[in-house]
Each structure stands twice: as structure tokens, then as C-alpha cells.
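Reading the structure
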Amino acid sequence: MGEMTSEGSQLSAGIDLSQFYQVFFEEAGENLDRMEQLLLELDIEAPDDEELNAIFRCAHSIKGGAATFGFADVAELTHQMETLLDKLRRHELQLTAPMVDVLLASGDALKAQLARHQTGAGDEFDTTELLFNIRAMVAGETPKVIAAAAAAAPAPVAAPAPAPAPAAAPAAAGARTLELTVGPLDDPSQANNLVDLFKEIVDLGTIEALDGGVAEGGMRRFKVVTSSSESDLLDLFTFHVSREHVRFAPIGEPAAAAPAPAADLGYGFFDDAPGAPAATEAAKEGEAGYGFFENSPGAPQSHVTPTESASPQAAKPAPKAAAKAEAKAGAALDAATIRVSVEKVDQLINLVGELVITQAMLAQNSRGLDPAVHQQMLAGLTDLDRNTRDLQEAVMSIRMIPMATVFNRFPRMLRDLAAKLGKKVDLVTQGEATELDKGLVEKITDPLTHLVRNSCDHGIELPQDRLAKGKPEQGTITLAASHQGGSIVIEVRDDGRGLSREKLLKKARERGLHAPDSLSDQEVWGLIFEPGFSTADQVTDVSGRGVGMDVVKKNIASLGGTVEIDSAEGYGMRVAVRLPLTLAIMDGMSVGVGEEVYILPLSSVVESFQVEPGMVKSIGNSGRVVEVRQEYMPVVELEQVFQVPRFDFEHVSSIMVVVEAEGGRVALLVDELLGQQQVVVKNLEANYRKVTDVSGATIMGDGRVALILDTGSLVRRSRH
Amino acid sequence: MGNIERIDSRQVPAAREYLTFRLGNEEYGIDILRVQEIRGYEAPTRIANAPNFIKGVVNLRGVIAPIVDLRMRFGCERVDYNGLTVTVILNVGNRVIGAVVDSVSDVLEIPAQSVKPAPEINSAVDARYIVGLGQVGERMLILLDIASLIASPELGLIETREAA
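Secondary structure summary: chain A contains 25 helices and 22 strands in total. Put simply, chain A has 720 residues, and 43% of those count as buried. Here the analysis covers contacts within chain A between residues at least 6 apart in sequence; of these, 67% occur between residues at least 24 apart. Looking at chain A as shown, the accessible area adds up to about 36800 Å², and 54% of this sits on carbon and sulfur atoms.

Okay, structure coming up:
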């Protein structure tokens with residue numbers, strides 16, 4: 001019987017459930033992202049009920065899934081979050097900034113926990129502090145860890161508060177010796193449970209009875225050595241004795257009794273139990289401001305609730321409410337989606353590509369037909385043409401996802417970063433609905449992150465500097481995406497200090513770069529793309545170290561994109577990234593060499609011209625150059641590079657195409673220009689090896705394969 | 001257990017089906033399970049600086065597949081492209097590769113006992129890539145280990161770490 005049961009449970013846990021793990025992780029990930037987004041959007045003064053409900057639902061569904069799959073740590077944390085959120089949405093508690101902080105931090109913790117469960121690797125994430133903070137908030141306290149932040153902000157602090165506040169943070173660190181008084185208890189032996197508690201929890205510290213286990217008037221006294229805070233201890237003790245019956249007093253640090261413990265107790269909680277040594281006046285004063293305390297049992301139920309919860313959204317400002325309702329209509333659009341593997345989509349795209357080629361072939365073959373005789377057939381072919389094109393467009397759009405998925409990660413990043421740098425930054429996003437190929441979205445995220453960090457770190461000034469310059473205290477970083485022709489332009493703008501022309505030129509000269517004063521602004525801004533070039537005066541842990549703009553530019557170039565910089569000193573700067581809509585489709589220029597066709601990426605084509613006799617000069621025996629607009633550039637003969645067989649030996653290639661890549665230009669000698677078209681980029685390495693000077697292949701309208709040239713490699717080749 | 005461990009790709013456990021084809025005057029056989037499809041020969045797009053037996057790449061319903069001329073690889077005297085010339089599309093280790101042969105004949109089931117080991121001789125085909133010699137009536141089939149041949153460094157189809 002017992003065996004059968006265990007077998008059954010193994011089946012359900014080991015086999016049946018595991019196939020749903022992936023779905024759970026994906027859903028939980030989505031819920032976490034959504035929760036973070038909602039939390040960041042919350043208006044702390046006047047939280048929207050609907051938003052609170054939505055956040056609650058996110059936590060709730062994660063909890064449900066985690067409990068089902070047996071991820072106890074995840075379930076526990078989400079459960080606590082849920083409790084807090086539930087109180088918030090019922091208006092039993094008033095939302096505060098520290099609550100948002102804790103919830104955000106919990107979201108991060110959940111991510112770490114989920115990642116650990118998913119990969120089966122990594123260390124257990126310690127959530128003790130988070131759990132404690134949330135519980136404290138649920139109980140209506142201001143937990144001490146983040147209380148410092150809360151006190152630093154213009155919090156509802158009474159007059160005497162500022163003095164003890166700075167002492168709050170260090171107070172918890174290090175082991176202290178405390179006298180713990182428990183009682184009055186009906187059954188004094190209850191207190192022995194506390195001793196067991198210290199045995200069970202390893203890091204808690206030590207406890208020893210001061211009274212030899214003999215209760216005086218129901219009171220028990222202990223000596224506790226611990227580095228945990230009083231509130232932590234209280235929280236643990238509540239399992240055995242109620243909070244009202246516990247109080248702490250420091251031992252052996254009489255001097256410290258004045259400000260430090262006062263602050264400490266202020267955030268925690270204490271009550272004047274009868275028979276206990278009275279708390280110092282200083283302590284009372286300190287705590288009265290922002291913590292809360294309970295009076296002695298003699299004063300019946302005079303619970304001074306925390307200031308936050310004391311004002312239950314009485315004066316709820318409602319100006320943002322209307323604007324939010326409008327914004328919400330757009331946010332609800334993403335509801336109906338399905339999950340499909342990328343492979344399936346790629347397969348679909350391939351098949352449609354084939355269909356397009358077949359259709360083109362049919363169209364070509366039908367041209368010779370007599371319209372009068374084959375009217376129906378030709379009409380059918382016309383329909384086929386239109387349907388194929390619609391189908392192709394529809395299928396290609398499957399891979400497209402809105403830029404919002406990239407932009408959504410920035411509010412959180414900037415919030416943390418700005419806090420770290422002590423700056424005030426507002427993030428504005430525009431054109432979130434602009435769609436981009438999924439593959440590109442993944443690859444553009446890192447360069448964009450770098451640009452946004454740069455803007456925040458180097459661009460936006462500190463609040464006081466901004467005020468001194470007559471700017472609003474809060475800086476603004478704008479992220480905007482838009483379509484321009486066949487490409488997408490993503491801009492990162494800030495209203496910070498901008499680039500300094502002199503400084504850049506000076507830096508460039510220090511680095512031994514050729515930087516005459518005659519350089520145009522554009523060229524000066526371009527200097528920051530030089531490897532190892534940093535405009536930061538000093539290296540911070542945010543930026544200015546290692547990875548620079550040169551890497552950003554390189555990454556973007558590898559996606560077939562370009563970067564432009566605009567700046568006005570003192571007014572900010574703008575970095576515009578221009579990208580093709582998808583990696584799979586590229587604007588190409590087809591050129592003919594002999595009988596063969598090659599594709600050049602249109603983005604790197606500068607110009608083309610007819611070669612006149614005498615234009616090409618040779619250097620040494622092998623090198624050949626051509627002069628174009630007072631600039632000599634190397635000539636690369638594609639015929640030689642690709643060993644194109646020739647059958648008409650008199651033919652002389654007479655067209656040159658200037659291409660630019662990796663900061664250099666070369667003139668490619670070709671036979672003819674065949675035209676421009678969008679080409680579907682295919683990987684050669686999937687079934688073959690990498691081919692020198694070739695970046696990929698594509699399928700032409702007639703079904704044949706044409707190679708796409710790697711202009712970067714051709715430019716490099718000319719340098720040797 | 002021991003038996004299973006000792007079986008490697010060159011040993012033939014039991015009867016297997018082989019697609020037979022001709023290269024010049026010789027008849028070859030390859031594991032039918034490696035064959036994806038058989039197509040008429042169409043001129044591929046040439047790839048510069050590739051060995052002469054790599055004809056180039058073709059479009060296989062959206063997949064770019066390299067084409068190897070096995071006749072050139074095995075040093076046939078005459079390499080004609082005519083109506084019978086076919087491309088055998090092979091699926092080897094997630095790669096799709098076309099092999100040009102003179103003609104395909106049939107699919108034969110050859111029992112393991114009819115496969116004799118190939119003697120070590122000096123030929124264009126390294127004995128490493130020959131599973132054995134299959135006897136079918138009067139015919140002698142050279143059974144190729146096409147997977148190892150395709151992956152072999154001398155074919156250069158797959159980038160080896162040294163090459164990269």
C-alpha cells in the first residue's frame with residue numbers, strides 16, 4: 001500500500017508535472033515582468049485599484065503555479081507579497097514608496113529563485129530579510145532596513161526625528177548583547193521555547209537564561225547575543241509568545257543607550273511592560289516620530305498606528321486617474337497571443353519563400369500565353385500573385401514584436417541607476433508599438449542599454465547642477481522608436497550636459513588621434529566611437545570601463561545598422577540607431593560579374609560610377625587604386641577575388657561600386673549593376689562552412705542561389 | 001551489453017537497405033536512411049576557392065545546400081553531366097548535403113553476412129570510409145560510410161576546429 005502510494009506520487013511529481021514546468025516558468029516570467037511594470041507605473045499617492053488588483057493577480061498566479069509544482073520558496077515569498085497586496089487593494093494599508101521597493105526587490109528575488117529551479121543550478125536566494133520586511137509592512141510597521149530611505153525622503157517625520165535617523169542604519173550591524181524580558185506569561189515554561197528557537201536557527205545567536213529558569217511574577221529574563229535586529233527576533237518569537245510580552249534592553253553598552261538604541265527601537269516596536277525598566281525618554285522621543293510604540297497595558301488599546309496607515313487615502317489626489325484610464329486602453333491590446341516555437345515560424349517563412357519563387361516562375365512562364373485563350377488561367381495567376389504577396393507579408397509579420405518589449409526593461413534599470421547616482425531622471429518612451437524582428441530585438445537590447453546608461457551617467461547632471469544651470473531638477477531621457485522608410489530608427493535622447501567639442505578634441509589629441517579644429521561637429525562626435533575612448537572624467541562602476549561606444553557601434557553595424565550622434569553642449573544629446581526591419585530581409589544591390597550574380601548590402605554601398613580610362617592607377621605591381629573626389633581608394637576586382645570563369649575574354653569590367661565598411665572604403669570592380677531588391681538572408685554555415693568574403697546567401701527570383709558579399713571582409717582584404 | 005558497445009558505424013549489425021548508384025564503372029551503396037531525396041542535377045551556384053569536387057550551393061526549398069561531386073572526389077576518369085546525372089540529397093547529422101552521382105540504380109537489402117571487409121588498397125577512396133564490400137549476385141557494391149565521409153576533414157564541408 002505504502003509502496004503504491006509513493007510510486008503514484010513519484011509519477012505525478014516526476015513525470016506528469018515536469019512537462020508543464022516550462023510553461024510555468026514562462027508564465028511566471030511574464031507575470032513578473034508585468035508586475036514590475038505595473039509597480040513602476042503605480043502612483044504612490046493615489047494608487048489605482050485596478051492596477052493594485054492586477055499586481056495582486058500576478059503574484060497570485062505565480063503563487064498558485066509555484067505551489068502546484070512544489071517550489072516552496074517561491075510560493076512562500078509570493079504568499080507574503082500577496083498578503084501585503086491584498087491589504088493594499090482593500091485599503092487596509094496605504095501604499096508607500098518602501099512598499100514598492102520591497103515588492104520590486106521581491107520580484108527580483110523571485111526571478112532568481114525561478115532561475116534556480118529552472119536550471120537546477122545556483123545558490124539559494126536568501127529571502128529572510130524580504131519576508132521579514134513584507135510581514136512587518138503587513139503588520140503596519142515601517143521595517144528598519146528600508147526605513148532609512150523612507151526617513152531620508154520627506155517622510156512624515158515629527159520634529160525630533162532627524163537626529164536619531166542617521167544612526168538607524170549602523171545600529172543593526174554587529175553582534176550585540178541584549179537583555180530579553182518575556183512576560184507576564186501564564187505558563188513561564190513557554191519562554192523555554194525561545195531557547196529551542198535559538199538552537200534551531202543557526203545564525204540567530206545565543207541565548208541564556210538570566211534567572212535560572214525561575215520566573216518572577218510570570219516574567220522571564222534572558223541574555224541574548226545576536227546580530228539580528230529586534231524586529232527580526234520579535235518576528236520569530238511571535239510563534240511562541242505574543243509580541244506584547246517581549247521586550248529588549250541592551251546590556252553592557254550604557255553609553256550607546258542614548259541615540260542608537262533609540263533609533264533602533266523606534267523602527268521596531270516595544271511596549272512598556274510592567275516591571276520592566278522604563279525606556280529612556282530619548283528613546284520614546286525618537287520613536288514617536290516615525291516608528292510606533294505601544295503604551296503600557298495600563299493605557300488600554302492606545303495603538304498609535306504608523307503614520308502611513310493612519311491616513312487612509314483621505315485626501316486622495318485624482319488628477320492622474322483620467323489620463324491613466326486612457327493609457328490602459330492601449331495596454332490591453334496584447335491579451336490574445338499564442339506561443340509558437342521559432343523553428344516553426346522559420347519553417348513557415350521558408351515555405352512561403354518557396355511559394356513566392358514558384359509564383360514568380362509561373363508568372364514568368366505565363367507571359368507568352370494568349371490572354372484571349374487563357375483568360376481564366378491568367379486571372380487565376382493574378383490572384384495567386386496577390387495572395388502570395390499578402391501571405392508573405394502576413395508570415396513575415398509573425399516574427400515582428402513591438403519595441404515595447406525592449407523599452408519595458410528600462411524604467412526599472414533607470415530607477416535603480418538614478419537612485420545609485422543620486423540623480424533624478426524621468427524616462428519617456430515613444431513609439432512602443434513600432435515593430436521589429438524578434439531576432440533584432442534580442443540583439444539591440446544590449447547596445448540600447450549601454451546608450452541609456454551612458455545618458456544617465458554622463459549626460460544627466462546631478463539635481464543641484466541642473467538647478468544651477470536653470471534646468472528642471474529632473475532630467476529626461478527619451479526613448480523613441482519610429483519607422484523611416486524600410487528601416488526603424490531608435491533614438492536615445494537626454495537633456496543633460498551634452499558632448500563638449502573641446503573636450504573631445506583634447507582627448508583625441510591626447511590619444512594621438514588626428515583631430516584638427518577644422519573637423520565638423522559630426523566628425524567630432526564620431527570620435528567617441530574610437531576604441532577605448534571615454535568622455536567620462538573618471539571611471540564609475542556604471543560606465544566608463546571597458547565596453548565603450550566602439551562596441552556599441554560595432555554591434556549595431558553587425559546588425560546592418562548605423563549610429564548617428566547629435567549634441568548641443570549644455571542642452572543634451574541624441575543618439576539615433578537606424579536598423580533594418582528584420583535580420584532575415586536585407587536591402588541588397590545585385591551586381592553581375594561574368595555569368596554570376598552577387599549581392600551587396602545596400603547599406604554599405606556609397607556610390608557607383610563608370611570607370612574612365614586612366615582613372616585606375618597601380619601601386620607597385622599588384623595594388624591598384626582609383627581616385628574618386630580627391631580620395632584614392634583601393635580597387636578590388638570581384639572577378640579575381642571570386643575566380644569567376646570568363647568566356648568572353650575581350651570583356652573589360654567597367655563599373656565600380658564604392659562600398660564602405662569598418663571605417664574604410666573600397667571600390668569594387670564589377671561588370672554590371674543588376675538592380676536593387678530586398679533579399680531574404682540565408683545562412684551558408686547551416687550546411688556548409690564559412691566562405692571568405694561571403695556573409696550569407698539568398699535565393700533569387702528564379703530560384704537560384706546568390707552569395708551576399710561581406711563588405712567588411714573585402715575592406716579588410718584591401719588593407720593587406 | 002558488450003556486443004552493443006563494440007558495434008561502431010563501420011560494422012553492420014544485420015541486413016540493411018542500401019541505395020545503390022554508379023560512379024563511373026563502379027557501383028556504390030549508401031545507407032538508405034541517410035537519403036532525404038533524389039533530384040535531377042541542376043547547376044549550383046559556384047563558391048570561390050572551394051575544392052573542385054564542391055560544385056557550389058543550391059536552393060533546396062529554401063535551404064541552402066552544398067553539392068559535392070562524388071565522382072570528382074573519387075577520381076572518376078570522366079565526369080559528364082547528362083540526363084541521368086542525379087543529386088542524392090543526404091541528411092547527415094542535421095546537415096543537408098547533395099551528392100552528385102552518375103545514376104542511381106535501386107534499393108537493395110543486403111544481409112550482414114554478404115558484406116565482406118574491404119582489403120587495404122591504395123585508392124582514391126580511403127578505406128576508412130568503406131563499410132565493406134557487398135555481394136549481390138554478380139555485382140559488387142562498395143558500401144560507403146557516407147556520414148564519416150561527409151564529416152571528413154578532406155572534404156572540407158564541415159569546418160573543423162583547426163580550420164576555424
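This part is about the packing of aromatic side chains. All names here are of chain B. Applying the stated criterion across every chain yields a total of seven aromatic pairs over all chains. Ring geometry for Phe 21 and Tyr 28: centres 6.0 Å apart, planes at 10 degrees, overall stacked. Tyr 28 carries the same exposure label as Phe 21, and that label is buried. Taken together, a centroid distance of 5.5 Å and an interplanar angle of 25 degrees make the contact between Tyr 28 and Phe 74 stacked. Of this pair, Tyr 28 sits in strand β2 (residues 26-31) while Phe 74 sits in the loop between α2 (70-73) and β6 (86-92), and the two are 46 residues apart along the sequence.

Further remarks concern the interface of chain A and chain B. Opposite the 26 residues of chain A that make contact, chain B presents 26 residues. With both sides pooled, the region where chain A packs onto chain B buries about 2100 Å², and carbon together with sulfur makes up 49% of that total. Contact with chain B buries area across many residues of chain A, yet Asn 687, Tyr 688 and Arg 689 of chain A alone supply 35% of it, more than any other trio. The partner of Glu 596 of chain A in a salt bridge is Arg 46 of chain B, and the shortest N-O contact between them spans 2.6 Å. The interface formed by chain A and chain B includes nine residue pairs in polar contact (both at pLDDT 80 or more). At the level of secondary structure, the elements contributing two or more residues to the side of chain A that touches chain B comprise α15 (342-365), β13 (596-601), β21 (694-699) and β22 (705-709) of chain A. Among the elements that line the side of chain A that touches chain B, the one with the most residues is α15 of chain A, at three residues.

Residue and element names in this part refer to chain A. Taking strand neighbours across the sheet as the criterion, the six strands line up as β14-β18-β19-β17-β16-β15 in an open arrangement whose pairing is mixed. Because the sheet does not close on itself, it has two edges, and the strands there are β14 (605-610) and β15 (616-619). The sheet shows a mean angle of 35 degrees between the axes of neighbouring strands, direction not considered. Bridging between strand β17 (residues 631-637) and strand β19 (residues 664-670) involves three bridges; their strand directions are parallel. Bridging from a neighbouring strand, Glu 637 pairs with Leu 669 of β19.

With that settled, consider the confidence of the model for chain A. All names here are of chain A. Averaged over all residues, the pLDDT of chain A is 74; the fraction at 70 or higher stands at 72%. Confidence over residues 1-14 falls short of pLDDT 50; this stretch has six contacts with residues more than four positions distant or in other chains. Taken as a whole, residues 145-173 scores under 50 in pLDDT and shows 31 contacts with residues more than four places along the chain or in a different chain.

The subject of this paragraph is the environment of Met 140 of chain B. Residues and elements named next belong to chain B. Looking at the secondary structure, you find Met 140 in strand β11 (residues 139-144). The class of Met 140 is partly exposed, set by a relative accessible area of 40%. Sequence separation between Met 140 and Gly 29 is 111 residues, and the spatial gap between their C-alpha atoms is 9.7 Å. If we skip the residues at most four places from it in the chain, Met 140 touches Glu 27, Leu 133 and Gly 134.

Bringing the nonpolar core into the picture now. Counting residues in hydrophobic clusters, the biggest one holds 65 residues, and the most contacted among them are Leu 638 and Phe 642 of chain A together with Ile 30, Leu 70 and Leu 90 of chain B. The residues touching Leu 90 of chain B, leaving out its near neighbours within four places in the chain, are Ile 30, Arg 34, Val 35, Gln 36, Arg 95, Val 96, Ile 97, Ala 99, Ile 146 and Ile 150 of chain B. If you look at the next biggest cluster of nonpolar residues, it comprises 46 residues, including Phe 407, Leu 451, Ile 490 and Val 552 of chain A.

All right, on to the packing of helix α18 (residues 409-421) of chain A against helix α19 (residues 438-459) of chain A then. Residues and elements named next belong to chain A. Two numbers describe how α18 lies on α19: the axes approach to 10 Å, and their chain directions differ by 30 degrees. As for the relative orientation of α18 and α19, their crossing is right-handed in sense. Seen from α18, the contacting residues are Arg 409, Phe 410, Met 413, Leu 414, Leu 417, Ala 418 and Leu 421; seen from α19, they are Thr 445, Leu 448, Thr 449, Val 452, Arg 453, Cys 456 and Asp 457.

What follows covers the confidence of the model for chain B. Residue and element names in this part refer to chain B. Scored by pLDDT, chain B has a mean of 82; 87% of the residues are at 70 or more. Predicted confidence is poor over residues 1-7, with pLDDT under 50, and the contacts of this stretch with residues over four places away or in other chains come to two contacts. The complex prediction reports pTM at 0.52, with the ipTM value standing at 0.82.

Moving on: helix α5 (residues 97-119) of chain A. Along its 23 residues, α5 of chain A runs 33 Å from first to last C-alpha, staying within 8% of the 33 Å computed at 1.5 Å per residue. After α5 of chain A finishes, the residue Gly 120 of chain A shows a positive phi value of roughly 75 degrees.

We now examine helix α23 (residues 549-558) of chain A. All names here are of chain A. The set of residues buried in α23 consists of Met 549, Val 552 and Ile 556. Around the axis of α23, the buried residues are gathered within 55 degrees of arc, so they sit on the same side. Opposite the packed face of α23, turned more than 90 degrees from it, sit the exposed residues Lys 554 and Ser 558. In the core, the buried residues of α23 are packed alongside α19, β10 (562-568) and β11 (572-580). Of the residues flanking the end of α23, it is Gly 560, one or two places downstream, whose phi is positive at about 80 degrees.

Moving on to the environment of Thr 206 of chain A. Residue and element names in this part refer to chain A. Counting through the fold element by element, Thr 206 comes out in strand β2 (residues 206-209). In this structure the C-alpha to C-alpha distance between Thr 206 and Val 224, which are 18 residues apart in sequence, comes to 5.7 Å. Beyond its immediate sequence surroundings of up to four residues, Thr 206 is in contact with Phe 198, Lys 223, Val 224 and Val 225.

The rules behind these values
Residues numbered from 1 in each chain as written. Chains lettered and ligands numbered in written order. Predicted model: local features only at pLDDT ≥ 70, side-chain atom pairs only at ≥ 80, totals over all residues. Heavy atoms only, no water. Helix = DSSP H or I, 4+ residues; strand = E, 2+ residues; numbered from the N terminus. Buried < 20%, exposed > 50% of the residue type's maximum accessible area, 1.4 Å probe, protein only. Contact = heavy atoms within 4.5 Å. Areas by Shrake-Rupley, 256 points an atom, 1.4 Å probe, with all protein chains shown as cover. Phe/Tyr/Trp six-rings, centres within 6.5 Å; stacked < 30°, edge-to-face > 60°. Buried area = accessible area lost by both parts, 1.4 Å probe. Salt bridge = Lys/Arg side-chain N within 4 Å of Asp/Glu carboxyl O. Polar contact = N/O pair within 3.5 Å; in protein donor to acceptor, adjacent residues only side chain to side chain. Pairing = 2+ DSSP bridges. Axes fitted to C-alpha atoms, helices over the stretch in contact; angles between N-to-C directions. pLDDT = per-residue confidence, 0-100. Core = buried A, V, L, I, M, F, W, Y, C linked by side-chain atoms within 4.5 Å. Left-handed = near helix turned anticlockwise from the far one by under 90°. Expected span 1.5 Å × (residues − 1). Arc of directions from axis to C-beta.

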